[in-house]
Amino acid sequence: MNHPVLIVGGGIAGLTTALALQQLHIDFLVLEAVPEIKTVGAGISLAGNAMRVMKRLGLANAIKHNGHLISSMLIQDEHGSTLSLMDAAKLSSEYELDNVAIHRSALHQVLLKAISQNKILTNNKVTDYTEGDNFVEVVLQNGNRISGSCILVADGIHSSIRKKLLPQSQIRYSGYTCWRGIAENTWGIEKVAVEKWGTAGRFGYVPIGDNKVYWFACKNAPQKNEQMQTMTLAQLAENFRNYSHPVPEIIRQTPASELIWGDIIDLKPISRYAFNKVVLLGDAAHATTPNMGQGACMGIEDAWLIATLLQQHANNLTEAFRLFEAQRLKRTHYIVNTSYRLGKIAQWENRILTKLRNTAFRLVPASVNEKQVIKLLDIPVR
Ligand SMILES: Cc1cc2nc3c(=O)[nH]c(=O)nc-3n(C[C@H](O)[C@H](O)[C@H](O)COP(=O)(O)OP(=O)(O)OC[C@H]3O[C@@H](n4cnc5c(N)ncnc54)[C@H](O)[C@@H]3O)c2cc1C
């Protein structure tokens, strides 16, 4: 390749891709719109499939050190009775796959620290691109142009390049809205991620290291609803007052500055990721609802695959991108569609339906749950 690989976007997908390329000695440049790469003050879970990539990139220990290892995931009803349990510790010991929850800014710091800083150009918003026979050129908002061998588009769910390539692609509103927060972990919550599904909404919490606990709350609501947007922590605590300990307490002890609100949206699965010398990655390609905690994990999987394909097909980038699309469409569509359906079920409010759902979840044998997790984490069948 005569020119660097151009990565548009310095989110989790873009930075992990940069790191994978760096590890394989492939020249690259990250073009990021904002002047300083910062993230929202919330947590994130990295499941075994993402941690497998982080291990290959030499970052697994740093992520574990800055985050919190999770050994079980519980779904409960609002009174705290278990509907489903996933034993992450068992998976971890059988398949050497860790599950880590971490503050988003800590994850970004780990990624940024590992990448050569002169390869990340902030304050460089890409507005357009052109393709020549053996090169591409991106156009920046400041009028400058940068040449590259190809473009890896990782500019998120609202990707302007995807909109240009696929104007018919559709953002979907899930039907529920979400608050996220971070509180001091004064309850001794250790190694467990909990979700409580009830008739007043869904509440989840997980320890993320540094003695903090990250939480989210989802409620059914019309999109862009002002009442939801302006909801205070006191009002949220009131909404979840009947949920078992420590839900109302976690909300009440969250500083107002740590509250983030946003509607849950995804990208209706699209049929193409590869466009000659341009390829879509991460949320730009397959943004999902967060119900399976797999959005960033999918972007991290993309990162490793695209880097290895670029190494193997350095003389035929179009072929590398075609292979990427062939390997990623089915898996990412599965995650997006399953997560969308799961979210609908988790958000049921009707008392009779929730009782039926809870009974059905309790009856699912552990072996069936484990099979689903093995598929989710893309663990090779032995
Ligand atoms: C409530 C919630 C909870 C979640 N929890 C989890 C979880 O637990 N686990 C998990 O795996 N995933 C989770 N996700 C999903 C995860 O956050 C996303 O999938 C992930 O952050 C997407 O990363 P990305 O790099 O593809 O895109 P983004 O993070 O959106 O990054 C895109 C970057 O591109 C930049 N950019 C945009 N346009 C341009 C341009 N024109 N030129 C240059 N730069 C540009 C942006 O500034 C940004 O830095 C959650 C999502 C939500 C909403």
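Numbering of residues starts from 1 in every chain and runs along the sequence as written. Local features in this predicted model are restricted to residues whose pLDDT is 70 or higher, and side-chain atom pairs enter the listing and the counts only when it is 80 or higher, whereas totals over whole chains, interfaces and linings include all residues.

**Here we look at the sheet that holds strand β14 (residues 192-198)**
Strand order in the open sheet formed by 7 strands is β6-β5-β14-β15-β16-β13-β17, with mixed pairing between adjacent strands. The open sheet has two free edges, formed respectively by β6 (82-87) and β17 (260-267), since each of these has just one partner strand. Neighbour-to-neighbour, the strand axes of the sheet open up by a mean angle of 20°, direction not taken into account. Strands were regarded as paired on the criterion that DSSP finds at least two bridges between them. Helix and strand assignments follow DSSP, with helices taken as H or I runs no shorter than four residues and strands as E runs no shorter than two, numbered in order from the N terminus. Across 5 bridges, strand β5 (residues 72-77) lies against β6 in antiparallel orientation. Counted as the bridge partner of methionine 73 is methionine 86 from β6. Contacts are defined on C-beta atoms placed from the backbone: any two residues whose C-beta positions lie within 7 Å are in contact. Interaxial angles span 0 to 180 degrees and are taken between N-to-C directions of axes, which are lines fitted to C-alpha atoms, for helices over the stretch in contact. Sitting on the sheet, helix α13 (residues 351-363) is in contact with β5 and β6, with an inclination near 35° to β6.

**Considering the environment of arginine 322**
Examined against the element boundaries, arginine 322 turns out to sit in helix α12 (residues 317-346). Here arginine 322 falls in the partly exposed class, since 17 other C-beta atoms lie within 10 Å of it. Between the alpha carbons of arginine 322 and tryptophan 348 there is a distance of 40 Å; along the sequence they are 26 residues apart. Each residue is classed by its C-beta neighbour count within 10 Å, where at least 20 other C-beta atoms makes it buried, 12 or fewer makes it exposed, and intermediate counts make it partly exposed; the C-beta atoms are placed from backbone geometry.

**Topic: the site of the ligand**
Nearness is defined per residue: the C-beta atom, placed using the backbone, must lie within 6 Å of the molecule or strand. Taken together, 31 residues sit near the ligand, with Gly9, Gly11, Gly156, Gly282 and Gly295 positioned nearest. Elements with a minimum of two residues in the shell around the ligand: α1 (12-23), β3 (43-46), β13 (171-184), α10 (282-286) and α11 (295-312). No other element matches α11, which puts 4 residues into the shell around the ligand. Each residue is assigned to one of three groups, with Ala, Val, Leu, Ile, Met, Phe, Trp, Tyr, Cys and Pro labelled nonpolar, Asp, Glu, Lys and Arg labelled charged, and all others, Gly among them, labelled polar. Of the residues contributing to the shell around the ligand, the split by class is 14 nonpolar, 12 polar and 5 charged.

**Details of the nonpolar core**
We define the nonpolar core as any set of buried residues of the types Ala, Val, Leu, Ile, Met, Phe, Trp, Tyr and Cys, connected via C-beta atoms lying within 7 Å of each other. Ile7, Leu46, Ile151, Leu152, Val153, Val279 and Leu281 are the most contacted members of the largest nonpolar core, which totals 101 residues. Considering every element that reaches this core, the biggest residue donor is α11, with 9 residues. Residue contacts for isoleucine 7: discarding those within four places in its chain leaves Gly14, Thr17, Ala18, Phe28, Leu29, Val30, Leu31, Leu152 and Ala154.

**A closer look at the sheet that holds strand β10 (residues 136-140)**
Reading across from one edge, β9-β10-β11 is the order of the 3 strands in this open sheet, with antiparallel pairing throughout. On the outer flanks of this sheet lie β9 (126-131) and β11 (145-148), each paired with one strand and no other. Recorded for the sheet is a direction-independent mean angle of 25° between the axes of neighbouring strands. Sheet topology note: the β9/β10 ladder contains 5 bridges and is antiparallel. Pairing of threonine 130 across the sheet is with glutamate 137, part of β10.

**Side note on α12**
With 30 residues, α12 extends 42 Å between its outermost C-alpha atoms, agreeing within 8% with the 44 Å of an ideal straight helix rising 1.5 Å per residue. Bending is quantified residue by residue as the angle between axes fitted to the seven-residue window ending at that residue and the seven-residue window starting at it. Its maximal kink placed at arginine 328, α12 deviates by approximately 40°. A helix is expected to span 1.5 Å for every residue after the first.

**Details of the packing of α1 against helix α5 (residues 104-114)**
Two numbers describe how α1 lies on α5: the axes approach to 9 Å, and their chain directions differ by 30°. The orientation of α1 relative to α5 falls into the category roughly parallel. The crossing of α1 and α5 is left-handed. For the pair α1 and α5, contact is made by Leu15, Thr16 and Leu19 and by Leu111, Leu112 and Ala114, respectively. Taken together, the residues of the contact of α1 with α5 break down into 5 nonpolar, 1 polar and no charged. Reported orientations rely on four angle classes, namely roughly parallel under 35 degrees, roughly antiparallel over 145, roughly perpendicular from 65 to 115, and oblique for the rest. Two helices crossing with the near one rotated counterclockwise from the far one by less than a right angle form a left-handed crossing, whereas a clockwise rotation gives a right-handed crossing.

**A few points about the packing of helix α2 (residues 48-56) against α11**
Following both chains from N to C, one finds α2 and α11 inclined at 40°, their axes separated by 8 Å at the closest point. Judged by the angle between their axes, α2 and α11 are oblique. In terms of crossing hand, the pair formed by α2 and α11 is left-handed. Residues Asn49, Ala50, Val53 and Arg56 of α2 form the contact with α11, whose own contacting residues are Ala296, Cys297, Ile300, Glu301, Ala303 and Trp304. Here the contact of α2 with α11 is built from residues that sort into 7 nonpolar, 1 polar and 2 charged.

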